[in-house]
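Letter by letter, the chains look like this.
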Amino acid sequence: MAKAVDAFMKRVTARNPNEPEFHQAVKEVVESIWPVIEQNPKYQAANIPERIIEPERVILFRVPWVDDEGNVQVNKGYRIEMNSAIGPYKGGLRFHPSVNLGILKFLAFEQVFKNSLTTLPMGGGKGGSDFDPKGKSDGEVMRFCQSFMLELFRHVGPNTDVPAGDIGVGGREIGYLFGIYKRLRNEFTGVLTGKGINWGGSLIRPEATGYGAVYFAQEMLGTRKESFKGKTVAISGSGNVAQFATEKATELGAKVVTLSDSNGTVHDKDGIDKAKLAWVMELKNVRRGRIREYVEQYPTAEYMEGARPWSVKCDVAIPSATQNEISKEEAATLVKNGCVCVSEGANMPSEPGAIDVYLDKKILYGPGKAANAGGVATSGLEMSQNSMRISWPREEVDSRLQQIMKSIHEVCVRYGKEGDFIDYVKGANVGGFIKVADAMVDQGVV
Ligand code: NDP
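The residue count restarts for each chain, going from 1 along the sequence in the order it is written. Local features in a predicted model are, by the rule used here, given only for residues with pLDDT of at least 70; side-chain atom pairs are given and counted only at 80 or more, and totals for whole chains, interfaces and linings are based on all residues. Derived side-chain values reflect all non-hydrogen atoms in the structure, with water molecules and hydrogen atoms excluded from consideration.

**Quick look at the domain arrangement of the protein chain**
- Start and end positions for the domains come from either an automated domain assignment or a database one. What the domain assignment reports for the protein chain is domain 1 (57-187) and domain 2 (208-366).
- Between the C-alpha centres of domain 1 and domain 2 the distance comes to 27 Å.
- We call two residues in contact when some of their heavy atoms are within 4.5 Å. Each side of the interface is counted separately: domain 1 has 10 residues, and domain 2 has 8 residues.
- At the boundary of domain 1 with domain 2, total buried surface from both sides reaches about 720 Å², with 43% on carbon and sulfur atoms.
- Three residues, F106, K134 and R172, lead the burial of domain 1 against domain 2; their summed loss comes to 47% of the area buried on that side.
- By definition, a salt bridge exists where a carboxyl oxygen of Asp or Glu is found within 4 Å of a side-chain nitrogen of Lys or Arg. Linking domain 1 with domain 2 are 0 salt bridges, by the criterion used here.
- Secondary structure elements are defined from DSSP: runs of H or I of at least 4 residues count as helices, runs of E of at least 2 residues count as strands, and each element is numbered from the N terminus. Top contributing element to the side of domain 1 that touches domain 2 by residue count: helix α5 (residues 101-117), with 4 residues. Buried area, as used here, totals the accessible surface that two parts lose on assembly, with accessibility defined by a 1.4 Å probe and the loss added over both.

In structure tokens:
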């Protein structure tokens with residue numbers, strides 16, 4: 001089997017050069033699903049492995065805009081429509097200077113399996129731009145979003161492709177994107193999720209990814225008769241996912257001791273409680289400042305410039321910043337310091353060597369495509385509410401989210417149980433794959 005996987009990966013690498021993150025994501029999935037493919041001639045006959053890694057469509061476009069000084073700027077815009085076997089393309093938009101084709105293809109590929117796991121009818125997609133919203137005025141961000149949508153609007157729609165937020169795309173950006181889409185199409189429709197609550201958004205959508213990663217960790221801890229109560233938690237990032245993971249973990253009785261951004265990490269031994277988190281939310285979402293300012297407000301905390309949180313002693317880690325943010329060495333440090341559970345709020349935050357450490361040491365490890373699926377699941381619930389033109393109360397959305405995280409956990413257990421150990425990587429990959437692959441077989445060669 002290893003030989004077949006190697007040969008397959010050689011072809012993937014040759015046909016998709018300079019896309020290391022895409023190769024990494026494909027390899028992880030292919031290693032898990034290869035035995036399933038070998039046991040199912042129908043998947044081989046339909047050549048599912050080669051088809052599932054090829055996007056159905058890639059859209060790449062120019063995004064020109066004018067900055068506050070009157071200079072004309074140009075960015076690249078992308079939308080990867082990866083797989084629509086089980087529903088319209090669905091996945092976020094990322095605005096970050098590091099964005100390129102390979103990163104978006106890895107994210108779109110992961111999204112296919114994640115969306116399948118949510119139990120909702122959503123295909124997989126992802127998009128974005130190398131535009132950096134950091135340091136830009138609201139006017140600049142608006143003009144950029146309008147220019148971006150001036151092209152994207154022809155390719156998306158409530159029954160075709162429904163984008164959402166991701167890194168650098170929050171409520172402000174979704175608002176600007178939605179506004180210009182509505183004007184261009186002259187229709188008020190659920191083309192984006194993560195919308196404002198007064199104009200078609202769902203309660204709990206902003207909270208959903210972070211809450212979901214905590215709910216998933218809670219399920220994993222439950223298999224060992226443990227819970228968040230009294231646990232010390234390390235979280236990276238300080239954006240949408242990190243903020244609400246902090247809120248929910250704290251609510252469940254844990255002490256969150258770290259948050260970070262791309263400049264460094266704050267370590268607050270006393271815990272980032274409700275009041276401190278409210279201050280972080282104002283810092284990050286309104287003033288758009290840096291996490292180092294936390295120690296000016298709370299001087300008993302420590303700031304580690306240029307460092308990631310993983311040297312801090314914790315019981316549970318919830319990486320919630322970006323891909324490849326935990327190396328093999330950092331994973332070993334986490335485990336050595338007593339970490340028993342890693343629940344990925346971010347997409348692919350652990351390098352392959354780090355995953356080997358978790359599996360080798362048999363800690364509870366929830367990969368992103370399972371652990372952070374709560375965000376897209378709640379986007380799916382937003383789409384349902386938009387179609388029905390109703391909005392569910394907070395409690396209803398939250399209870400559906402909890403139910404979905406439970407069922408994702410069950411699927412992982414079903415396909416990943418090996419004796420008394422649960423391999424959540426295998427469970428999530430195989431569980432997500434089968435539904436999509438069966439739909440592709442049913443629909444013929446398209
Ligand atoms: P935000 O833009 O709200 O926050 C991102 C955070 O991560 C910021 O604190 C940012 O710091 C930090 N960060 C970004 N890039 C880097 C980097 N290269 N190195 C170190 N820190 C970095 O994004 P989200 O919270 O929405 O997304 C975080 C992760 O969660 C991503 O992997 C995303 O794909 C994933 N995710 C998000 C979902 C959602 O619903 N939003 C759904 C599922 C997954 P700085 O301000 O310095 O850039």
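**What to know about helix α9 (residues 240-251)**
- Helix length check: α9, at 12 residues, gives a terminal C-alpha distance of 17 Å against a target of 16 Å (1.5 Å per residue), a fit within 8%.
- Using a 1.4 Å probe on the protein chains alone, a residue whose accessible area is under 20% of its type maximum counts as buried, one over 50% counts as exposed, and one in between counts as partly exposed. Buried within α9 are the following residues: V241, A242, Q243, F244, A245, T246, K248 and A249.
- Of the surrounding elements, those touching the buried residues of α9 are α8 (205-222), β6 (232-235), β7 (255-261), α10 (274-286), β10 (316-318) and α16 (394-416). Helices are assigned an expected span. That span is 1.5 Å times one less than the residue count.

**Remarks on unusual backbone geometry**
- For K225, which is not glycine, the phi torsion reads 55° and is therefore positive.
- Tracing the backbone through its elements, the reader meets K225 in the loop between α8 and β6.
- Its relative accessible area of 79% is what places K225 among the exposed residues.
- Phi is positive for K362, close to 55°, though the residue is something other than glycine.
- Mapping K362 onto the fold places it in the loop between α13 (352-360) and β12 (364-366).
- Take K362: its relative accessible area is 45%, and that puts it in the partly exposed class.

**A look at the site of the ligand**
- Nearness of a residue to a molecule or strand requires only that one of the residue's heavy atoms be within 4 Å of it. In the vicinity of the ligand, 24 residues are found, and the nearest of them are D166, T209, S262, R290 and N347.
- Within the contact set of the ligand, an oxygen atom lies 3.0 Å away from a backbone nitrogen or oxygen of V241.
- The Shrake-Rupley method, run with a 1.4 Å probe sphere, supplies the accessible areas, and residue values consider only the shown protein chains as cover. Protein contact buries 83% of the 890 Å² of open area that the ligand shows by itself.
- Elements that contribute at least two residues to the shell around the ligand include exactly α8, α9 and β7.
- Each residue is assigned to one of three groups, with Ala, Val, Leu, Ile, Met, Phe, Trp, Tyr, Cys and Pro labelled nonpolar, Asp, Glu, Lys and Arg labelled charged, and all others, Gly among them, labelled polar. The residue makeup of the shell around the ligand, split by class, is 4 nonpolar, 14 polar and 6 charged. Here a polar contact is taken to be a pair of N or O atoms separated by no more than 3.5 Å, where protein atoms must pair a possible hydrogen donor with a possible acceptor and residues adjacent in sequence count only if both atoms sit in side chains.

**So, the side chain of E110**
- Its location among the elements puts E110 in helix α5.
- Apart from residues no more than four positions distant in its own chain, E110 is found in contact with A25 and K369.

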